[in-house]
Amino acid sequence: MQRLWVVVVIALVGCEEPLVLGRSKPAGQGEAKRVEPPGPTRVAPDRVGRPDPGSALVQAPPDAAVQAPAAVTVFEVYSPMSMTLAGDTLMWTDPKGSLWSMPASGGKPTELSHQHLPGRPMFMNLATHAGAVIASRQGDLVRVDVPEGPLVPLGLELGEDSLLEMVSDGTALYATSYEQRSAIYKIVDGKKTKLLDHRSASIEVRGGTLYALSYSTGTLVAVKTSGGTPRTIARGLPKPTGFDVDDTSAYAWCEKDATLRKIDLKTGKITVLESKDLGNSDVVVADGDWVYLHTWLGPNQSKSLRVAKDGSRTEVLADELTAPYDIAIDDQWVFVSERDQNRILRFKKSEIVAL
């Protein structure tokens, strides 16, 4: 899936039909009726969320979750999409552009902003910044104090733009946009300055350096967050979308050949980590010894995976999924949003058992 990228950096203090896969696609417009979280869900003993012929329906109460085997908890919520973790709070958006909050440990989901009336701003993507959550909407960003607000517009006057991917270094927030196809901005105290131009790029920030990987050209560059001349690290990656970095390497899933690659940040050496059955793996998260990602292969065929950074093995965390969308990780948990199956899966890192 092609993602549309433009980068804007800022520093700070749904539709009824399913969306096309990918965080770069905007939620639908127009008036929407309130849709409550779905009812009973079957939880299987050997597959996350898949029916066991002999099992009974399990209804999760509003302040609890369905507990599945292998340290997996299933939170029943309406069509979760983009997610972020801020301390002990998990926040997410849905296809109607609503913003939700829930304790990461589980509990009752709280709808912080809903889109029941025409003209309400639709929230799309989220980032954690300086202890708060930043939510993108058309024309502006909104700061959301955890756990339940208030929601404070930043007044950035972004015109018709909707920011897509956002990353924070704790001082500045960096993001991509629709309107501008190459500019990467840094915004501090509500003021934006252009850091560099890099066409249709995914971005990540690490240790005072911003990394930008162009979908159009397949070129990975690095630039100091304080500014300066970009350094080219690698070229020729075939249509990269999923992207993350750690202290030594970048990780990119490329849609042209459905392959996950590792790129050395010093030398630019490219290594293939996994190339089997990785369809639409547009979300890549590097954490510890692993790279977490999805493979979206169709209803009841999609999977949640992790690939060892040394390429030694690939593990399936959950299979028979329909539309895995986003991944959020902290020191203890891995969260996976499952849009079309109306749920968030939570894996305890220390107890993950591969299928």
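Residues numbered from 1 in each chain as written. Predicted model: local features only at pLDDT ≥ 70, side-chain atom pairs only at ≥ 80, totals over all residues. Heavy atoms only, no water.

**A closer look at the overall build of the protein chain**
Move 1: Counting its secondary structure elements, the protein chain contains zero helices and 30 strands.
Move 2: Expressed as a percentage of the 355 residues in the protein chain, the buried residues total 58%. (Helix = DSSP H or I, 4+ residues; strand = E, 2+ residues; numbered from the N terminus. Buried < 20%, exposed > 50% of the residue type's maximum accessible area, 1.4 Å probe, protein only.)

**Observations regarding the confidence of the model for the protein chain**
Move 1: For the protein chain, per-residue confidence averages 81 on the pLDDT scale, and 78% of positions sit at 70 or higher.
Move 2: When the criterion is pLDDT under 50, residues 1-64 qualifies, and its contacts beyond four places in sequence or with other chains add up to 211 contacts. (pLDDT = per-residue confidence, 0-100. Contact = heavy atoms within 4.5 Å.)

**Describing the sheet that holds strand β24 (residues 284-287)**
Move 1: In space, the four strands of this open sheet follow the order β24-β25-β26-β27, with antiparallel pairing throughout. For this open sheet the edge positions go to β24 and β27 (314-321), each flanked by a neighbour on one side alone. The mean angle between the axes of side-by-side strands here comes to 15 degrees, regardless of whether they run parallel or antiparallel.
Move 2: Note: strand β25 (residues 290-295) against strand β26 (residues 302-308), six bridges, orientation antiparallel. If you follow H294 over to β26, its bridge partner there is S304. (Pairing = 2+ DSSP bridges. Axes fitted to C-alpha atoms, helices over the stretch in contact; angles between N-to-C directions.)

**Remarks on the nonpolar core**
The nonpolar side chains of a soluble globular protein tend to be buried, and buried together.
Move 1: In terms of nonpolar packing, the biggest core is built from 17 residues, with Y292, I327, I329, V334, L345 and F347 touching the most fellow members.
Move 2: At the level of secondary structure, the elements contributing two or more residues to this core comprise β3 (72-76), β25, β27, β28 (324-329), β29 (333-338) and β30 (343-348).
Move 3: Per-element tally for this core: the top contributor is β27, with three residues.
Move 4: Residues Y211, A234, F243 and A252 belong to the second largest nonpolar core, which totals 14 residues. (Core = buried A, V, L, I, M, F, W, Y, C linked by side-chain atoms within 4.5 Å.)

**Some details on the packing of aromatic side chains**
Move 1: In this structure the tally under the stated criterion is one aromatic pair.
Move 2: Both rings, one in W92 and one in W100, keep their centres 6.4 Å apart while their planes meet at 5 degrees; by these two values the pair is stacked. The burial state of W92 is the same as that of W100; both residues are buried.
Move 3: The ring of W290 has R306 sitting right over it, with the charged end atom 3.9 Å from the ring centre. (Phe/Tyr/Trp six-rings, centres within 6.5 Å; stacked < 30°, edge-to-face > 60°. Lys NZ or Arg CZ within 6 Å of the ring centre and 35° of its normal.)

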